[in-house]
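Topology and contacts: notes
Chain by chain, the residues run as shown.
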Amino acid sequence: MLGTDIWSWRRLAARKRTPIHLILFVTDRCNARCGTCFYWRSLNQGEALEPEHIEKISRSLGELVWLDISGGEPFLRKDLAAICHTFVDRNGVRFINIPTNALQTGVIERLVGEILGPANRRFSLNVAVSLDGVGENHDRIRGVPGNYERALATMRALEGIRQRDRRLSLSVVTTVMRDNIPDVKQLLELGVREWKLDYHSLNLLRGNPMDASLQPPSAEQFAEVAQIQLEHCRRYFQGRYGALGGWVARLGRSMLNRYYMKELEGRPKDISCNAGSISCVIDANGDVYACELLEKVGNLKQYDWDFERLWYDLAARELRRRVESGCHCTHECFHTKNLIFAPWRFM
């Protein structure tokens, strides 16, 4: 099944003029103050994509496979279900991923139910709960007292929906830093033993976080937690892809971890990246990026929200050529797509 899917995604990407993976920042509003956030200077500026703008973006993008909805806190958008349905119904999105600080248990439970809606909509929804520590450690990193307990309450509520609707998966995403390694180990074990997660993602601290005292882990620290994650991936991936597909996915995870190790050891490897071809980013103010870590290529307001027009303007074409010539980072969202479409680049 996994091999068949990858083949069909590659064929789709080859015949399309626009990306098949969209990261969409639907709002810049956030109700947390995460020390790890590399986007913090842009938060709470009053920017949000209007429904009519989202409609125009959707019409100009064509078929999509993946939609990552981001922010700010995505669940602060009351019309989040309508946004998701636009891309499912018009663009044929198969996979929607929504990260959350999980502070609003009741709101998130209601909106997830609305997003899933009638069972005849064929797509998968993953809600990724952000957990960077255990108990008060998490609250301190996130800048919100009681965040950890509220996140657990949200996970329990979503578990009830997951039992009724197999289109929903539940994951945790943890930012790995020099000072939270013991907590990361504990969270990884809780994910398998108590929360029965569908996946547990480890993201390396990147960019310029709001708390300048936070540092990425050492290579040795990352190797320690990455090995635990890899052992758990046997359960995560085999359940999702079967024995053979699970083995292939676990091999890919191992390749990515080795690539990140080189970055942390100070000997990064430049690779030709699919950011700007397979993947793209649209910010809540209309700015378009090949990747959040690079400069913007333009703003959709200047193109009447026609994505394809902007995407083939000179600045976007020049940036794509630069990215394809080679760069390096630890951005998980883009590297998972690189792994699907060109795994040999990591060898």
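Below is a summary of the structure that appears in this document. On a predicted model such as this, the values are computed, not experimentally measured, just so you know.

1. Thoughts on the overall build of the chain
Each helix and strand in the chain was counted, giving eleven helices and nine strands. A principal-axis box enclosing the C-alpha atoms of the chain has dimensions of 50 × 45 × 45 Å. Taken across its 347 residues, the chain has 57% of its residues classed as buried. The long-range share in the chain, meaning contacts at least 24 apart out of those at least 6 apart in sequence, stands at 76%. Accessible surface, the chain: about 15300 Å² in total, of which carbon and sulfur atoms supply 50%.

2. Considering the sheet that holds strand β1 (residues 21-25)
Across the sheet, nine strands lie side by side as β6-β5-β4-β3-β2-β1-β7-β8-β9; this open sheet has mixed pairing. A strand with exactly one partner marks an edge of an open sheet, and here the two such strands are β6 (199-204) and β9 (298-299). Examined bridge by bridge, strand β4 (residues 124-130) and strand β5 (residues 168-176) share six bridges and lie parallel to one another. Counted as the bridge partner of S130 is V173 from β5. Relative to β6, helix α7 (residues 181-193) is tilted by about 165°, and along the sheet it contacts β5 and β6. Those strands touched by helix α11 (residues 332-341) are β1, β2 (66-70), β6 and β7 (279-282), and its axis lies near 170° from that of β1.

3. Focus on helix α3 (residues 80-91)
Taking 1.5 Å of rise per residue, the twelve residues of α3 would be expected to cover 16 Å, and the 16 Å separating its terminal C-alpha atoms lies within 8% of that figure. All of the buried residues along α3 are L80, A81, I83, C84, H85, T86, F87, V88 and N91. Lining the buried residues of α3 we find β1, α2 (51-61), β2, β3 (95-100) and α4 (105-116). Positive backbone phi, approximately 65°, marks G92, located one or two places after α3.

4. Let's talk about the packing of aromatic side chains
By the definition in use, this model includes ten aromatic pairs. An angle of 75° between the planes, with centres 5.7 Å apart, marks the rings of Y199 and Y236 as edge-to-face. Of this pair, Y199 sits in strand β6 while Y236 sits in helix α8 (residues 219-264), and the two are 37 residues apart along the sequence. Residue classification places Y199 among the buried positions, given a relative accessible area of 14%. An aromatic cluster is built from W9, W66, F95 and F341, whose rings are joined through pairwise contacts. The side chain of R320 reaches across the aromatic face of Y312, ending 5.1 Å from its centre.

5. Remarks on the nonpolar core
Counting 82 residues, the largest nonpolar core has F87, V112, L125 and W195 as the members making the most contacts within it. With residues near it in sequence (within four places) discarded, V112 still touches F75, L125, V127, L158, I161 and L168. Among the nonpolar cores identified, the runner-up in size contains 19 residues, and L188, L204, A219 and F222 belong to it.

About the cut-offs
- Residues numbered from 1 in each chain as written.
- Predicted model: local features only at pLDDT ≥ 70, side-chain atom pairs only at ≥ 80, totals over all residues.
- Heavy atoms only, no water.
- Helix = DSSP H or I, 4+ residues; strand = E, 2+ residues; numbered from the N terminus.
- Buried < 20%, exposed > 50% of the residue type's maximum accessible area, 1.4 Å probe, protein only.
- Contact = heavy atoms within 4.5 Å.
- Areas by Shrake-Rupley, 256 points an atom, 1.4 Å probe, with all protein chains shown as cover.
- Pairing = 2+ DSSP bridges.
- Axes fitted to C-alpha atoms, helices over the stretch in contact; angles between N-to-C directions.
- Expected span 1.5 Å × (residues − 1).
- Phe/Tyr/Trp six-rings, centres within 6.5 Å; stacked < 30°, edge-to-face > 60°.
- Lys NZ or Arg CZ within 6 Å of the ring centre and 35° of its normal.
- Core = buried A, V, L, I, M, F, W, Y, C linked by side-chain atoms within 4.5 Å.

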